[in-house]
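So the chains spell out like this:
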Amino acid sequence: MSYLKFNDVQKDYEGVRAVSHFDLGIERGEMVALLGPSGCGKTTSLRMLAGFVSVTSGSIFLDGRNITAVPAYSRNTGMVFQGYALFPHMSVAQNVAFGLEMRRLPKAEIGRRVTRALERVRLSALADRLPRQLSGGQQQRVALARAIVIDPAVLLLDEPLSALDARLRHEVRAEIRQVQQETGLTTLMVTHDQDEALSMADRLVIMNQGRIEQIGQPAEVYENPANRFVAEFMGKSNFIGGTVVEAGRFRCAASDTVFSCDTSRFTPGAEALLSFRPERARITATPPDTISGANVLAGELKTATYLGQSIEVSIATAGGQSFNILLPNSDAGLAAGLQPGSALHVSWAPADTRLLPV
Amino acid sequence: MKAHISSWSYRALVFGTMLFVVTPLITVIWVSFFSNKLISLPPQGYSFTWYLNAWRLDDFRGGFLLSLKVAVVATFIGLVIAVPASLALVRGRFPGKSFISTLLLSPMMIPGVVAGSAVYIYYIQFELLTNVQLAATFPGLVAAHVVLTIPWVVRLVTASLVGANESIEEAALNLGAHPWRVFWRITLPSVRPGLIAGGLFSFIMSFTDLEKSIFLIGPGSTTLPIAIINYLEWNLDPTVAAVAAVQIFLIGFMLIISDPYIKLSRAF
Ligand SMILES: Nc1ncnc2c1ncn2[C@@H]1O[C@H](COP(=O)(O)OP(=O)(O)O)[C@@H](O)[C@H]1O
Ligand SMILES: [Mg+2]
């Protein structure tokens, strides 16, 4: 069994289901991110693990022990709260020492471990400050130090970067990841920000409306989304509805155009949703070589928006569907030559095409 | 230019207001040191006689001690009742919460004369029914004053609790603290400013109360504000100023020593 295991966990708040059929195993030392839109049940799942929220049904195992009914104060989880939740009347050092005092460790050892934890988050110089005398980033590091100093069985991070400004966020996420890897702490993180999840976690758990939609490594989830929700939540995608004609062939319902793609998950005749990523497609004024075997769509340009790193091109087909294509900045010259209404061809490789359930 | 004028008139307004508030206090303290028997300007000289005189008069000495005793006891009881009540009002979920909150705060909105006469009538009826005397007794006076103190503690402690981050209690639990240790080490210290401010205002409200007490004191035992009124009926020498000055000093002293613990401006 996994080091940390949610077994078909469910949570109802006064009859409203917040989390259902939550099944997840996490290995020792792994960092996993729960990712999903606001209200999908991420925090509830984390709080059930910490013991702040009771489980309606199912069970949670940590390091071989069933902790479902264990009170929060004996679970040995180390949590970094969304607003940090530092003790306002205690200094930085006292905040970090609190968990060790509760464990009734000898004074000398407490001192040693607090010093080491503060060094790890580079806060030794601020040990005697009060939380309100610290910047947001520093408070965040105190919260992290306070959670890791007790050597928790699992480290819990609830939207750890949400209260920081954009510039700091980059820095802090690298720092958290580094501390996690150095300490080897098994970590469960909650976030609604896909960049954060992609850059920090070993594995992602994509959630929607209280359910797990997909579990996988970052690249796996991005490249092979399990369904339309994941494809849209992790970046952007273009979709075409239709049916599988035969192995490797898919027909668009609106235009009867046929596209090539891997159809192995579907039987001929099945309805499906074809998708491709905006950054995987190219645009050309003339139809591309048919020899290349690329999937091609014809349409006309609606808008081209300059985004700095890239140019977002919106294209409408004769059938009224619209598609978004992301051109790299190096193609800015090409985009600048286009007028709204010019005829264009969108092409992308069958290997970059995904077929999703409807 | 415009900004300059408005900042100038703003300063003038602030200064004027301060002057309006502080001048009577300064004057009373000044007059209390006059040596002349009738209050008149300019003073003929300065002396400390009126303070000694006030202490020699049974009404003032007894009044001061009684007011102090009532205020201390009423504040203490008020805190013991109102702190758990505030916790329940902010953290608890139960029907009738806002009604109870309004009820506890209502003594603030009822004029003292109305409340005093109501309590008096209630005490008399209670005595007729049970033969237990409350009017003109120390417990009766304290009970009436506890009602004065509760809204202040509830209001200020509630304000601290609402401002306090509820998740710090969860953080303490998460770090291995049992619930009762969370209360003593986290919850109580985090409402300390409200607790001190609430206690302070309770004390001041009780110590300076005139309208309510006037219905409830017994013969031969008056509180300080009543003693002042009684004295003023027949005399107009600086003794009264000396008594008032002592009140001002006491309250001022309490405000100053409690200032490091509370930011009064933030308590409201
Ligand atoms: N204490 C609560 N009482 C009632 N409903 C709640 C409570 N906490 C969360 N919910 C509901 O449960 C759902 C999941 O919430 P949450 O776990 O906080 O989502 P997330 O963290 O993903 O934004 C939401 O619909 C939310 O309104
Ligand atoms: Mg949340």
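Residues numbered from 1 in each chain as written. Chains lettered and ligands numbered in written order. Predicted model: local features only at pLDDT ≥ 70, side-chain atom pairs only at ≥ 80, totals over all residues. Heavy atoms only, no water.

## Comments concerning the state of the cysteines
Throughout this description, disulfide means a covalent bond between two cysteine sulfur atoms. Residues and elements named next belong to chain A. Enumeration according to the criterion identifies zero disulfides over all chains in this entry. Cys 261 provides the cysteine sulfur closest to Cys 252, a residue in no disulfide bond, and the two sulfurs are 12 Å apart. For Cys 261, a relative accessible area of 8% gives the class buried. (Disulfide = S-S within 2.5 Å. Buried < 20%, exposed > 50% of the residue type's maximum accessible area, 1.4 Å probe, protein only.)

## Some remarks on the site of ligand 1
All names here are of chain A. By nearness alone, every residue bordering ligand 1 is listed as Tyr 13, Ala 18, Pro 37, Ser 38, Gly 39, Cys 40, Gly 41, Lys 42, Thr 43 and Thr 44. Interatomic distance of 3.4 Å between a side-chain N/O atom of Tyr 13 and a nitrogen atom of ligand 1. Measuring from an oxygen atom of ligand 1, one finds a side-chain N or O atom of Thr 44 at 2.5 Å. For ligand 1, whose free accessible area comes to 570 Å², the fraction covered by protein is 58%. Among the elements that take part in the shell around ligand 1, helix 1 (residues 42–50) stands out by supplying three residues, more than any other. Here the residues of the shell around ligand 1 are counted per class, giving four nonpolar, five polar and one charged. (Near = heavy atom within 4 Å. Polar contact = N/O pair within 3.5 Å; in protein donor to acceptor, adjacent residues only side chain to side chain. Areas by Shrake-Rupley, 256 points an atom, 1.4 Å probe, with all protein chains shown as cover. Helix = DSSP H or I, 4+ residues; strand = E, 2+ residues; numbered from the N terminus. Nonpolar A, V, L, I, M, F, W, Y, C, P; charged D, E, K, R; others polar.)

## Re helix 1 of chain A
Because an α-helix completes one turn every 3.6 residues, residues spaced three or four positions apart along the sequence face the same direction. Residues and elements named next belong to chain A. The buried count for helix 1 comes to eight of nine residues, which makes it a mostly enclosed element. Every buried residue of helix 1 is accounted for by Lys 42, Thr 44, Ser 45, Leu 46, Arg 47, Met 48, Leu 49 and Ala 50. Residue Gly 51 follows helix 1 closely and has a positive phi angle near 95°.

## A short note on the pattern of salt bridges
Residue and element names in this part refer to chain A. Enumeration according to the criterion identifies 16 salt bridges over all chains in this entry. With a closest N to O distance of 3.2 Å, Glu 109 and Arg 113 form a salt bridge. Within this pair, Glu 109 and its partner Arg 113 are both found in helix 3 (residues 107–120), separated by four residues, close to a single helical turn. The shortest N-O distance in the salt bridge between Arg 280 and Asp 352 comes to 2.8 Å. Linking Arg 280 in the loop between strand 14 (271–276) and strand 15 (282–284) with Asp 352 in the loop between strand 19 (343–348) and strand 20 (353–356), this pair joins segments that are 72 residues apart in sequence. On the basis of relative accessibility, which here comes to 34%, the residue Arg 280 falls in the partly exposed class. Residues joined in a network through salt bridges with shared partners are Arg 122, Arg 141 and Glu 175. (Salt bridge = Lys/Arg side-chain N within 4 Å of Asp/Glu carboxyl O.)

## Some remarks on the side chain of B:Thr75
By the element assignment, B:Thr75 lies in helix 3 (residues 58–91). Setting aside residues no more than four positions away along its own chain, B:Thr75 makes contact with B:Thr149, B:Gly199, B:Ser202 and B:Phe203. (Contact = heavy atoms within 4.5 Å.)

## Quick word on the interface of chain A and chain B
A common way to express how large an interface is: the accessible area buried when the components associate. Facing 25 residues of chain A, the contacting portion of chain B comprises 18 residues. Both faces combined, the contact of chain A with chain B buries some 1900 Å², and carbon together with sulfur accounts for 61% of it. Taken as a group, A:Tyr73, A:His89 and A:Met102 account for 33% of the area that chain A buries against chain B, more than any other trio of residues on that side. For the pair chain A and chain B, the number of links is two salt bridges. With its nearest N and O atoms 2.6 Å apart, the salt bridge here joins A:Arg47 to B:Glu170. One can count six residue pairs in polar contact (both at pLDDT 80 or more) joining chain A with chain B. The element contributing the most residues to the side of chain A that touches chain B is helix 2 (residues 92–102) of chain A, with four residues. Broken down by class, the residue content of the side of chain A that touches chain B amounts to 14 nonpolar, five polar and six charged. (Buried area = accessible area lost by both parts, 1.4 Å probe.)

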